[in-house]
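Residues per chain are reported as follows:
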Amino acid sequence: MLQTTGLGVKGAGVTGLEVRGLHVRYRVPAGLGRKPSYVDAVNGADLSVAAGSSLGVVGESGCGKSSLARAICGIGPITSGSVSVGGVELTRRRDRAAARRVQMVFQDPTSSLNPRRTIGSMLRELLTVHGLRTGAAVDRRAAELLELVGLPASALGDRPHAFSGGQRQRIGIARALALEPEVLMADEAVSALDVSTQAVVVDLLHTLRAELGLSLVFISHDLGVVRAVCDSVAVMYLGTIVEQGPTEMLFESPRHPYTRALLDAVPRIDVVRPPGSARLSGEPPSPLDVPTGCPFHPRCPVAVARCRTEQPVPVEIDGQTVSCHLWPHGS
Ligand code: SF4
């Protein structure tokens, strides 16, 4: 049973995270026989996650999911665009109070915890440095945070090596919650865990989101987990969000050929694939050499001539947004 002491349900019904036209561009230094160039890791992302809701971001490795997450959290560069939380614009002025609004749960909890320090000292330091508690309330709050993630307060005196991988990830979540964020960013937060532990940690994130009114951004290559946890989904390909919409709608009626291919690549014992179903072939092109027109055209089974020269613009259809020349007039 989760306890929400000290945090309460914040911001329910309020707009949580708003991302508008976010670009992340990296300079790639000159290499052997290669001039310096640029990679557009995130290409004009637009996202909204209401308080108490969850968004899954999916796509193959290197599609820009982590660059997007790091930019939103303020630990990666933003070339242009805006990030707002609870109506407060964070892009240009991210002081300590603003930075607390978005917190990250990292993929590898082991490397993100100092092995020489007790869990209690880490939590207490966060609470005091950020001025969130003073005096005896610091210890009380540290104990509450551990209980919030399902660990006993007695564990405050232990160091990270005393815990299993799943427990360390719970500690990572407690550490993120210590700063009382409005947005929790989970970047492949369960992919290093075994399957049964994944389910427990996913369930914890799901429950915390609802009970604390957090906006949860869940970045994952695991479509099954995203379907179980998220209210809406954004699909990324080569830095661009090619489709987004409510989870069940997107899983039941994917419109973009890349989304269809991603879903088709998930093994299902209850489904016999019809001949010619949209399998993903080949590797994504290098981000250093993005194809002209629609970036998916070299792999797209239904590409038409204009796909090679014209970049599709997003269109909204029945609550889903899709960037493909076949819509709104296509199949
Ligand atoms: Fe395929 Fe063309 Fe649509 Fe791109 S725009 S996904 S290449 S049909």
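Just above sits the structure.
A few points on the structure. (Residues numbered from 1 in each chain as written. Predicted model: local features only at pLDDT ≥ 70, side-chain atom pairs only at ≥ 80, totals over all residues. Heavy atoms only, no water.)

### Observations regarding the site of the ligand
As a reminder, the rule being used: Proximity criterion: a residue is near a molecule or strand once any of its heavy atoms comes within 4 Å of it. Using a grid of 1 Å spacing that covers the protein atoms alone, one calls a set of points a cavity when a 1.4 Å probe fits there but cannot get out, and a pocket when the set is open and has protein on both sides within 12 Å along at least five of seven lines; lining residues are those with an atom within 4 Å of a point. Assignment of a molecule to a cavity or pocket requires that more than half of its atoms lie within 2 Å of the corresponding grid points. Residues are grouped as follows: Ala, Val, Leu, Ile, Met, Phe, Trp, Tyr, Cys and Pro are nonpolar; Asp, Glu, Lys and Arg are charged; all remaining types, including Gly, are polar.
Surveying the vicinity of the ligand reveals 13 residues, the closest of which are Cys 294, Cys 300, Cys 307, Cys 324 and His 325. A majority-of-atoms criterion places the ligand in the largest cavity. Broken down by class, the residue content of the shell around the ligand amounts to 10 nonpolar, three polar and no charged.

### Let's talk about the environment of Val 42
Using the following cut-off: Put simply, DSSP H or I for four residues or longer makes a helix, DSSP E for two residues or longer makes a strand, and each gets a number counted from the N terminus. Throughout, exposure labels follow a simple rule: accessible area from a 1.4 Å probe, protein chains only, divided by the maximum for the residue type, with under 20% read as buried, over 50% as exposed, and the rest as partly exposed. Contacts were defined at the residue level, with two residues in contact if any of their heavy atoms lie within 4.5 Å.
By secondary structure assignment, the location of Val 42 is in strand β2 (residues 37-50). Of the residues examined, Val 42 reaches a relative accessible area of 0% and is grouped as buried. Along the chain, Val 42 and His 23 lie 19 residues apart, while their C-alpha atoms are 5.1 Å from each other. Once residues lying within four places of it in the same chain are set aside, the contact partners of Val 42 are Leu 22, His 23, Val 24, Gly 64, Ser 67, Leu 68 and Gly 239.

### Digging into the sheet that holds strand β8 (residues 215-219)
Cut-off, in case you're wondering: Strands qualify as paired when DSSP identifies two bridges or more between them. Only the stretch in contact is used when a helix axis is fitted, and all axes are lines through C-alpha atoms; the angle between N-to-C directions ranges over 0 to 180 degrees.
With mixed pairing, the eight strands of this open sheet are ordered in space as β6-β7-β8-β3-β9-β10-β12-β11. This sheet does not close on itself; its edge strands, each paired only once, are β6 (102-105) and β11 (315-317). Each neighbouring strand pair of the sheet contributes to a mean axis angle of 20°, computed without reference to strand direction. Here six bridges tie strand β9 (residues 232-237) to strand β10 (residues 240-246), and the two strands are oriented antiparallel to one another. Bridge pairing links Ala 234 to Gln 244 in β10. Contacting β6 and β7 (183-187), helix α5 (residues 165-178) runs over the sheet at an angle of about 170° to β6. Sheet strands touched by helix α9 (residues 257-264): β3 (54-58), β9 and β10. Its angle to β9, the strand with the most contacts, is close to 105°.

### Quick notes on the sheet that holds β2
An order of β2-β1-β4-β5 is seen for the four strands of this open sheet, with the pairing classed as antiparallel. Single-partner strands in this sheet number two, and they are β2 and β5 (88-89). Examined bridge by bridge, strand β1 (residues 15-28) and β2 share 11 bridges and lie antiparallel to one another. Within β2, the residue paired with Tyr 26 across the bridge is Val 39. Docked against the sheet, helix α1 (residues 65-73) engages β1, β2 and β4 (80-85), running at close to 115° with respect to β1.

It is worth stressing that arrangement in space is one thing and function is another; only the former is reported here.
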